[in-house]
Amino acid sequence: MSLYQSCLNLIERLAGVPDFEQYLDPDVLHHLQADSAWGASTPNDPVTQLWILFRLGTPLACILNGLRPHQQVNIQSAELSLANVNGCKEFVFHFIVACLQDFKFEKENVFTISELYHDNTNGFVKAVHCLVNMQLK
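Quantities reported herein were computed from a predicted structural model and do not represent experimental measurements.

1. A closer look at the nonpolar core
One finds Phe-54, Ile-63, Phe-95, Phe-111 and Leu-131 to be the most contacted residues of the largest nonpolar core, which totals 43 residues. When residues of this core are traced back to their parent elements, those giving at least two are helix H1 (3–14), helix H2 (26–35), helix H3 (46–56), helix H4 (58–67), helix H5 (85–101), helix H6 (113–117) and helix H7 (121–132). When near neighbours in sequence (up to four residues on either side) are disregarded, Leu-131 contacts Leu-10, Arg-13, Phe-54, Leu-60, Ile-63, Phe-95, Phe-111 and Leu-136.

Below, the structure is given as structure tokens:
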């Protein structure tokens, strides 16, 4: 399956995660794309959209909250912006730790923070595969 198709399928699955629909709002996606390193001229495709959402971090924390209702990550006061990269990376860190500790993923099946933030598709592909392997609601 192509990366494009994998991302499209993943977006459909993520739409069913509680509270995730806010991240799939076209206006929110457009705003995030305009604020991203790629800029407003970024293609509006599922690959780019997921890459930006994953880098934002709060969507990953939202997924965790749906999978671990007893251990919520507080994302209520988080700003929907890539401007605070360290804040975004903190949410990504929570997600990675949960994959390793709570969901017992093998280390080689989980992406790293640096892989997600490099402008290299290999790390992003690893992130997509990690999410595809999760038992999303």
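Structure's up, so let's keep going.
2. Considerations on the UniProt feature "domain: Cdc24/Scd1 N-terminal" (unreviewed entry) in the protein chain
Per the UniProt entry, the sites bearing "domain: Cdc24/Scd1 N-terminal" (unreviewed entry) are residues 45–130 in this numbering. The span residues 45–130 carries 62% helix and 0% strand; its end-to-end C-alpha distance comes to 20 Å.

3. Focus: the packing of H1 against H7
Interhelical geometry of H1 versus H7 gives an angle of 40° and a closest axis separation of 10 Å. Regarding the angle of H1 to H7, the classification is oblique. Seen along the crossing, H1 lies across H7 with a hand that is left-handed. Counted together, Leu-3, Ser-6, Cys-7, Leu-10 and Arg-13 of H1 and Phe-124, Val-125, Val-128, Leu-131 and Val-132 of H7 form the full contact between these two elements. Residue composition of the contact of H1 with H7, by class: 8 nonpolar, 1 polar and 1 charged.

4. A word on the environment of Phe-124
By the secondary structure assignment, Phe-124 is in helix H7. The spacing of Phe-124 and Leu-32 is 92 residues in sequence and 17 Å in space, taken between C-alpha atoms. The residues contacting Phe-124, other than those within four sequence positions of it, are Leu-3, Cys-7, Val-47, Leu-50, Trp-51, Phe-54 and Glu-115.

5. Things to note about H3
With respect to burial, H3 is a largely interior element, 11 of its 11 residues being buried. When H3 is considered as a whole, its buried residues turn out to be Pro-46, Val-47, Thr-48, Gln-49, Leu-50, Trp-51, Ile-52, Leu-53, Phe-54, Arg-55 and Leu-56. Two or three places before Val-47, at the opening of H3, Asp-45 has a side-chain oxygen 2.9 Å from that residue's backbone nitrogen. Positive phi shows up at Gly-57, right after H3, with a value of about 90°.

6. With respect to the environment of Gln-71
Positionally, Gln-71 belongs in the loop between H4 and H5. The partly exposed category is assigned to Gln-71, whose relative accessible area is 37%. On a C-alpha basis, the gap between Gln-71 and Leu-82 in space is 25 Å, while along the polypeptide they are 11 residues apart. Excluding residues within four positions of it along the chain, Gln-71 makes contact with Asn-65 and Asp-102.

7. Points about the packing of aromatic side chains
Inspection of every chain in the model, using the stated rule, returns 4 aromatic pairs. Between Trp-51 and Phe-124, the ring centres sit 4.8 Å apart and the planes meet at 15°, which makes this aromatic pair stacked. With a gap of 73 residues between them, Trp-51 in helix H3 and Phe-124 in helix H7 connect regions that are remote in the sequence. With respect to burial, Trp-51 and Phe-124 carry one shared label: buried. Pairing Phe-54 with Phe-124 gives two aromatic rings, centres 5.9 Å apart and planes at 40°, and the pair type is tilted. Remark: Phe-124 occurs in helix H7 and Phe-54 occurs in helix H3; sequence separation between them is 70 residues. Residue classification places Phe-124 among the buried positions, given a relative accessible area of 0%. These aromatic residues form a ring-pair network of at least three members: Trp-51, Phe-54 and Phe-124. The ring of Tyr-117 carries the charged tip of Lys-89 above its face, separated from the ring centre by 5.1 Å.

Definitions and cut-offs
- Residues numbered from 1 in each chain as written.
- Predicted model: local features only at pLDDT ≥ 70, side-chain atom pairs only at ≥ 80, totals over all residues.
- Heavy atoms only, no water.
- Core = buried A, V, L, I, M, F, W, Y, C linked by side-chain atoms within 4.5 Å.
- Buried < 20%, exposed > 50% of the residue type's maximum accessible area, 1.4 Å probe, protein only.
- Helix = DSSP H or I, 4+ residues; strand = E, 2+ residues; numbered from the N terminus.
- Contact = heavy atoms within 4.5 Å.
- UniProt positions renumbered as here; feature names shortened; annotations may be inferred.
- Axes fitted to C-alpha atoms, helices over the stretch in contact; angles between N-to-C directions.
- Parallel < 35°, antiparallel > 145°, perpendicular 65-115°, else oblique.
- Left-handed = near helix turned anticlockwise from the far one by under 90°.
- Nonpolar A, V, L, I, M, F, W, Y, C, P; charged D, E, K, R; others polar.
- Polar contact = N/O pair within 3.5 Å; in protein donor to acceptor, adjacent residues only side chain to side chain.
- Phe/Tyr/Trp six-rings, centres within 6.5 Å; stacked < 30°, edge-to-face > 60°.
- Lys NZ or Arg CZ within 6 Å of the ring centre and 35° of its normal.

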